[in-house]
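# Overview (structure and organization)
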Amino acid sequence: MELKTSAVAKRLGVSTKTVQRWVKKYNIPCTKNEAGHYVFTNEAIEQLEKYKFLGVDEEEKEHIEQRLDELERKIEQKADDVVSFQLLQHRREMEEMLQHIQQLEQRIAELERQKQAEPIIEQPTKQKRRGIISFFL
């Protein structure tokens with residue numbers, strides 16, 4: 001029984017590109033028809049199934065692990081950058097608040113000095129008006 005790439009891909013549950021890549025990578029013995037398309041025998045399909053279930057080879061694993069390590073390093077660096085930015089932003093906000101507090105303290109001290117420097121002016125007390133009768137008494 002001979003199958004085309006799309007039928008083999010469907011049988012294996014992978015894309016046609018994956019099947020083509022495996023044929024080239026693992027040197028799967030198969031022929032091409034007049035149109036240049038792969039034609040797979042049962043032997044070739046069995047080999048492809050074996051490679052599918054074996055998973056990636058050691059070279060690919062090493063490459064994938066290196067890529068994962070690189071991505072983890074980039075993520076950690078990005079996280080560090082974000083935390084550093086947030087710390088700097090919080091520090092700037094705290095410095096602005098401290099400056100504002102110092103300005104308020106200075107203003108309070110200035111108002112207290114002004115209050116102490118003002119002479120105490122006693123307001124004259126109003127005398128009660130007496131009626132005309134009490135004037136004669």
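Notes on the structure in this doc start here. This one's a predicted model, so the numbers in the text were calculated from it and none came from an experiment.

## Remarks on the nonpolar core
Counting residues in hydrophobic clusters, the biggest one holds 14 residues, and the most contacted among them are Val8, Leu12, Val19, Val23, Ile28, Phe40 and Leu48. Elements that contribute at least two residues to this core include exactly helix 1 (5-12), helix 2 (16-25), strand 3 (38-40) and helix 3 (42-54).

## Focus: the pattern of salt bridges
This model, assessed by the stated rule, comprises five salt bridges. Between glutamate 70 and lysine 74 there is a salt bridge whose closest N-O contact spans 3.4 Å. Separated by four residues within a single helix, glutamate 70 and lysine 74 lie in helix 4 (residues 58-117), roughly one turn from each other. Among the salt bridges present, the one from arginine 91 reaches glutamate 95, with a minimum N-O distance of 3.3 Å. A residue pair is termed a helical-turn pair when its members lie 3 or 4 positions apart in one helix, as arginine 91 and glutamate 95 do in helix 4 at four residues. Accessibility expressed as a relative area gives 55% for arginine 91, which makes it exposed. A relative accessible area of 45% means that glutamate 95 is categorised as partly exposed.

## A few points about the packing of helix 1 against helix 2
Packing of helix 1 against helix 2 leaves a shortest axis separation of 8 Å and a crossing angle of 100 degrees. Between helix 1 and helix 2, the crossing angle belongs to the class labelled roughly perpendicular. On helix 2, the residues that touch Thr5, Ser6, Val8, Ala9 and Leu12 of helix 1 are Thr16, Val19, Gln20 and Trp22. A class-by-class count of the residues in the contact of helix 1 with helix 2 yields five nonpolar, four polar and no charged.

Procedures and definitions
- Residues numbered from 1 in each chain as written.
- Predicted model: local features only at pLDDT ≥ 70, side-chain atom pairs only at ≥ 80, totals over all residues.
- Heavy atoms only, no water.
- Core = buried A, V, L, I, M, F, W, Y, C linked by side-chain atoms within 4.5 Å.
- Buried < 20%, exposed > 50% of the residue type's maximum accessible area, 1.4 Å probe, protein only.
- Helix = DSSP H or I, 4+ residues; strand = E, 2+ residues; numbered from the N terminus.
- Salt bridge = Lys/Arg side-chain N within 4 Å of Asp/Glu carboxyl O.
- Axes fitted to C-alpha atoms, helices over the stretch in contact; angles between N-to-C directions.
- Parallel < 35°, antiparallel > 145°, perpendicular 65-115°, else oblique.
- Contact = heavy atoms within 4.5 Å.
- Nonpolar A, V, L, I, M, F, W, Y, C, P; charged D, E, K, R; others polar.

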